[in-house]
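Observations on chain architecture
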Amino acid sequence: MRRLLAIAALLAVVLGASCLAPGGPGELGVENGYHYDDAIAVTVEDGLNESEREALLGRTMARIEVIRELEFERTTNVTVITREEYRNRTGNSGDPTNLTDRQLWNEQVWEALHIVGENETYPDARSSNRGSSVVGYYSSGKSGIVLVSDSPTPQVTRGTLVHELVHALQDQQLNLGETCDLQDAQLAVRSVIEGDANYVEARYENRCGASWDCIETPRATGQRSDSFNAGLFLVSYLPYAEGPQFVESLRERDGWGAVDGSYEAFPASSEQVIHPERYPDDEPTNVTVPDRSSDEWSRFDDLDRPVYDTVGEGSIYAMFTAVGVIDRSGAARYDYEHPLSTGWAGDRLVPYRNDSGGYGYVWRLAWETPEEAREFADGYRALLEGYEAEHLDDGRYVVEGGAFADAFRLSRDGRTVTVVNAPTVEGLEGIDGPG
């Protein structure tokens, strides 16, 4: 064990100080002169010299080429930082008294999902989660690969290095995607990118000890803080959990060429990722939300983006799981297929605000069948009952206390469910009055 830890520590120092020289185009499985199956001599006791560092990185890249059947065009910078340094870099911009209009709009989206309540802000929750769980990331350009270590003496795991090197390969040969406005579309794009990297990482690990001689390193161990937001993590983890099986499904259809093609035609929704058989033909339904607000309430019309968001099947699953309506634990928690969210056909969530500092939203969801719409509505009622909401009439509820204290109106019309939220019962009519 002491030897393995020494190797990991030396790798971290090495990667922070050096990067591979460009290898140029050539044979798959050969990078910087090193073959994917080469034995490399590493003497841990006296440190890793320059040739040993080149061999280790060259062989890792060559092995990725063999698995992914794509050639690296150039190298990328690789650095290792401590978790404390990572937290300092990402910072915290969640001051509730100084949020931008776009952030205020986004707060309503996460509140509608019952994931980020009025006792915190999304920037706070995101910063806490990322600072606790991120083990590495790739940034196109000068930053390259940054690996985050939990140890005061920086260490790096093989899996994290492989995963981030796949991102560098994607950036060179494929398409890391354009910025998407809608949450569900963002998750779908990231599911291809992260799913591909996770899939290659798993295939790499399967060959270690079986057909490849690999240098062992400790596993990644992100540390969760006391303020860790499980619901937010479930949303952000979807691409890593469901993306690999989506990629595998495409590869089984028509090889790596089908996977490469998905970078030019990304899935349109998390539904297509969770149910790969629905890609690419099952397009989301275009849900509309007419503006029926009074003069007191208005949409966020001045943002440089649509006034609405689409959260999708994956985020709906995360919502029900985070509040305990879906009862899952352990690895099963990361199986995003469940009757309460399956059958999603489309949704549109529109935040509102007034001059008094009040906020609310209209969230309309379309389902494949009336039965699936009814199932969602029943699940949402169970969610409200979990807050001990007071049930009024006409589908109205009042939650008196806690992070989601508000008034709600829940209605169903065939395959469509509508949720209206406001600070008060009177505000429900102000945000979404009679049509």
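Residues numbered from 1 in each chain as written. Predicted model: local features only at pLDDT ≥ 70, side-chain atom pairs only at ≥ 80, totals over all residues. Heavy atoms only, no water.

Points about the nonpolar core
As a reminder of what qualifies: For the purposes of this section, nonpolar cores are sets of buried Ala, Val, Leu, Ile, Met, Phe, Trp, Tyr and Cys residues that join through side-chain atoms within 4.5 Å. Per-residue accessibility, obtained with a 1.4 Å probe over protein chains only, is compared with the maximum for each type, and a residue is labelled buried under 20%, exposed over 50%, and partly exposed between these values. In this description a helix means any DSSP run of H or I spanning at least four residues, a strand means any run of E spanning at least two, and both kinds are numbered starting from the N terminus. Start and end positions for the domains come from either an automated domain assignment or a database one. Pairs of residues are marked as contacts when any of their non-hydrogen atoms sit within 4.5 Å.
Counting residues in hydrophobic clusters, the biggest one holds 47 residues, and the most contacted among them are Ile316, Met319, Trp363, Phe376 and Tyr380. If you tally residues by element for this core, the top one is helix 11 (residues 370–386), at six residues. Among the domains, domain 1 (77–93 + 101–217 + 228–278) and domain 2 (297–431) are the pair contributing at least three residues each to this core. Ignoring any residue separated from it by four or fewer positions in sequence, one finds Tyr380 in contact with His114, Met319, Phe320, Tyr361, Trp363, Phe408, Leu410 and Val419.

Thoughts on the side chain of Ser270
Stated precisely, the cut-off is as follows: Any pair of N or O atoms that falls within 3.5 Å is considered a polar contact. Within protein, one atom must be able to donate a hydrogen and the other to accept it, and sequence-neighbouring residues count only if both atoms are side-chain atoms.
With respect to the helices and strands, Ser270 occurs in helix 9 (residues 270–274). For Ser270, a relative accessible area of 0% corresponds to the buried category. For Ser270, the side chain forms a polar contact with the side chain of Asp184, separated by 2.6 Å. Residues within four places of Ser270 in sequence aside, it is in contact with Asp184, Ala188, Leu238, Gly312, Glu313 and Gly314.

Observations concerning unusual backbone geometry
Residues Tyr279 and Pro280 are joined by a peptide bond in cis, for which omega reads 5°. Along the chain, Pro280 turns up in the loop between helix 9 and strand 6 (297–299). A positive phi angle, close to 55°, is found at Asn32, a residue other than glycine. Counting through the fold element by element, Asn32 comes out in the loop between strand 1 (30–31) and strand 2 (34–35). Backbone geometry at His114 places phi at a positive 55°, although glycine is not the residue there. Within the fold, His114 resides in the loop between helix 4 (101–112) and helix 5 (122–133).

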